[in-house]
Amino acid sequence: MGVLRTLLLAGSQNRWLRERAPRYRFVRRAVERFIPGETLEAALQAGLTLQEQGIGTVFTYLGENITDAREAEAVAAHYAEVLARIRAWPQPAEVSVKLTQLGLDLDPELCAANLRRILDAAAPHQTVWIDMESSPYVDITLETYRRARAVYPNVGVCLQAYLYRTERDLLSLLPLRPAIRLVKGAYREPPDRAFPRKRDVDANFFALAQRLLGEEARRNGVRAAIATHDRALIRRIAAFAAAVGIPRSETEFQMLYGIQREEQQRLAREGYRMLVLISYGSSWFPWFMRRLAERPANLLFLLRHLLLG
Ligand SMILES: Cc1cc2nc3c(=O)[nH]c(=O)nc-3n(C[C@H](O)[C@H](O)[C@H](O)COP(=O)(O)OP(=O)(O)OC[C@H]3O[C@@H](n4cnc5c(N)ncnc54)[C@H](O)[C@@H]3O)c2cc1C
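A brief report on the enclosed structure follows. (Residues numbered from 1 in each chain as written. Predicted model: local features only at pLDDT ≥ 70, side-chain atom pairs only at ≥ 80, totals over all residues.)

When you go through the protein chain residue by residue, the secondary structure sums to 14 helices and eight strands. Taking 309 residues into account, the globule formula puts the C-alpha radius of gyration at 19 Å, and the protein chain, at 18 Å, falls close to it. Over its C-alpha atoms, taken along the principal directions, the protein chain stretches across nearly 55 × 45 × 40 Å. Here the analysis covers contacts within the protein chain between residues at least 6 apart in sequence; of these, 71% occur between residues at least 24 apart. (Helix = DSSP H or I, 4+ residues; strand = E, 2+ residues; numbered from the N terminus. Rg over C-alpha atoms; globule rule 2.2 N^0.38 Å. Contact = placed C-beta atoms within 7 Å.)

Pasting the structure below:
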């Protein structure tokens, strides 16, 4: 793992930085590249623009590791409101939640109840995605997912290709008719849990994507969402999907707002199912640091804002 990436991911968990960095205008300006604004209204507006381009949207209200039960309940109520506001949108319009924002650190039962509240508010065509957080949360996240999936058909979960365990987790989920979003993984993980080298993560991503789009998964009615900005991987996975006879309209890619916009539009134009995850809210600091760690060149972008004011 690169030294810079390690430092940035360590910084994402630093309370001192989290409290101070957002006060600086140059930091806020740099964040604007990745979020359309802090408010739901700004996020909805950006979502509508994407919908007009034939691109679906997934909304995430930023926040994690909440330590107050009422705050976690308010997050669930907020997501219920978002689902109501986007219910009639023409393209897929969904939400993605972090279990630690729903109170997982306080009480897994409170968290599960908050998740149920969100799922009860979702229409059958609206998937509620569960983000995957750092590795200590994987077991409880998958257990919460399995319990929710036993009751609700429209719940999905994220799996991370950098973890050694993910192939096993993926195979164990297949019989549930799951919705799975495959990502590389955004947290700082030790080498006994995650591939330290990027090229091994990429190779595992491709192998897992083949499983997700393979015959057994299709027989089980799996919804596979390939969530990456890696154009080489997207090309290889699109070719694999075509070779096994999956139509473009059922080959799904997901990306983050503000990253690889042209590629997002190209995939949508060419008939692939393309969804963009839009984050918003004021608790963006750890999330922003993970975006910087993914591409240290983004630091130059931050510095440019510092110098230009
Ligand atoms: C829809 C979606 C949902 C996600 N949900 C989760 C989750 O629940 N849990 C989790 O751990 N991770 C999640 N992630 C983040 C993911 O794990 C990766 O950290 C992130 O997608 C970067 O990896 P990559 O696959 O794009 O590949 P990379 O190899 O990191 O990037 C490929 C190329 O994409 C571009 N790029 C990538 N990141 C950036 C960036 N920040 N800024 C500018 N350009 C960039 C660059 O051109 C880069 O060369 C999610 C990602 C997406 C797209």
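From this point, the narrative continues.
Around the ligand, the surrounding shell holds 24 residues, and the nearest of these are Asp131, Val183, Ala186, Thr228 and His229. Counting only elements with at least two residues in the shell around the ligand, the list comes to strand E4 (155-160), strand E5 (179-183), strand E7 (252-256) and helix H13 (285-294). (Near = placed C-beta within 6 Å.)

Here the focus is the environment of Trp89. When you line up the elements, Trp89 lands in the loop between helix H5 (69-86) and strand E2 (93-97). Distance from Trp89 to His229, taken between C-alpha atoms, is 25 Å for residues 140 residues apart in sequence.

Further remarks concern the nonpolar core. Counting residues in each nonpolar core, the largest one holds 88 residues, and the members touching the most others are Tyr79, Val95, Leu102, Ile180, Leu182 and Leu212. Residues within four places of Val95 in sequence aside, it is in contact with Val58, Phe59, Tyr79, Val82, Leu83, Val128 and Trp129. (Core = buried A, V, L, I, M, F, W, Y, C linked by C-beta atoms within 7 Å. Buried ≥ 20, exposed ≤ 12 C-beta atoms within 10 Å, placed from the backbone.)

Each packed pair of helices is defined by two parameters, the angle between the axes and the distance between the axes. With their axes 11 Å apart at the nearest point, helix H6 (residues 108-121) and helix H7 (residues 138-151) run at an angle of 45° to one another. Regarding the angle of H6 to H7, the classification is oblique. Handedness of the H6/H7 crossing: right-handed. Between H6 and H7, the contacting residues are Pro108, Cys111, Ala112, Leu115 and Leu119 on the first element and Ile140, Thr144, Arg147 and Ala148 on the second. Counted by class, the contact of H6 with H7 contains seven nonpolar, one polar and one charged residues. (Axes fitted to C-alpha atoms, helices over the stretch in contact; angles between N-to-C directions. Parallel < 35°, antiparallel > 145°, perpendicular 65-115°, else oblique. Left-handed = near helix turned anticlockwise from the far one by under 90°. Nonpolar A, V, L, I, M, F, W, Y, C, P; charged D, E, K, R; others polar.)

Before going further, it helps to examine unusual backbone geometry. Unlike most non-glycine residues, Asn65 shows phi in positive territory, near 50°. With respect to the helices and strands, Asn65 occurs in the loop between strand E1 (56-61) and H5. For Gln260, which is not glycine, the phi torsion reads 55° and is therefore positive. Looking at the secondary structure, you find Gln260 in the loop between E7 and helix H12 (261-269).

Given a rise of 1.5 Å per residue, 18 residues ought to cover 26 Å, and the 26 Å separating the end C-alpha atoms of H5 matches this to within 8%. Every buried residue of H5 is accounted for by Ala72, Val75, Ala76, Tyr79, Val82, Leu83 and Ile86. Buried residues of H5 fall within an arc of 120° about the axis and therefore sit on the same side. In H5, the exposed residues that point more than 90 degrees away from the buried face are Arg70, Ala77 and Glu81. On its buried face, H5 is in contact with helix H4 (40-52), E1, E2 and H6. (Expected span 1.5 Å × (residues − 1). Arc of directions from axis to C-beta.)

This part covers the pairing of E5. Most of E5 sits out of view: four of its five residues are buried. Direction of pairing for E4 relative to E5: parallel, over a ladder of five bridges. Counted as the bridge partner of Val157 is Ile180 from E5. Direction of pairing for E5 relative to strand E6 (residues 223-227): parallel, over a ladder of four bridges. (Pairing = 2+ DSSP bridges.)

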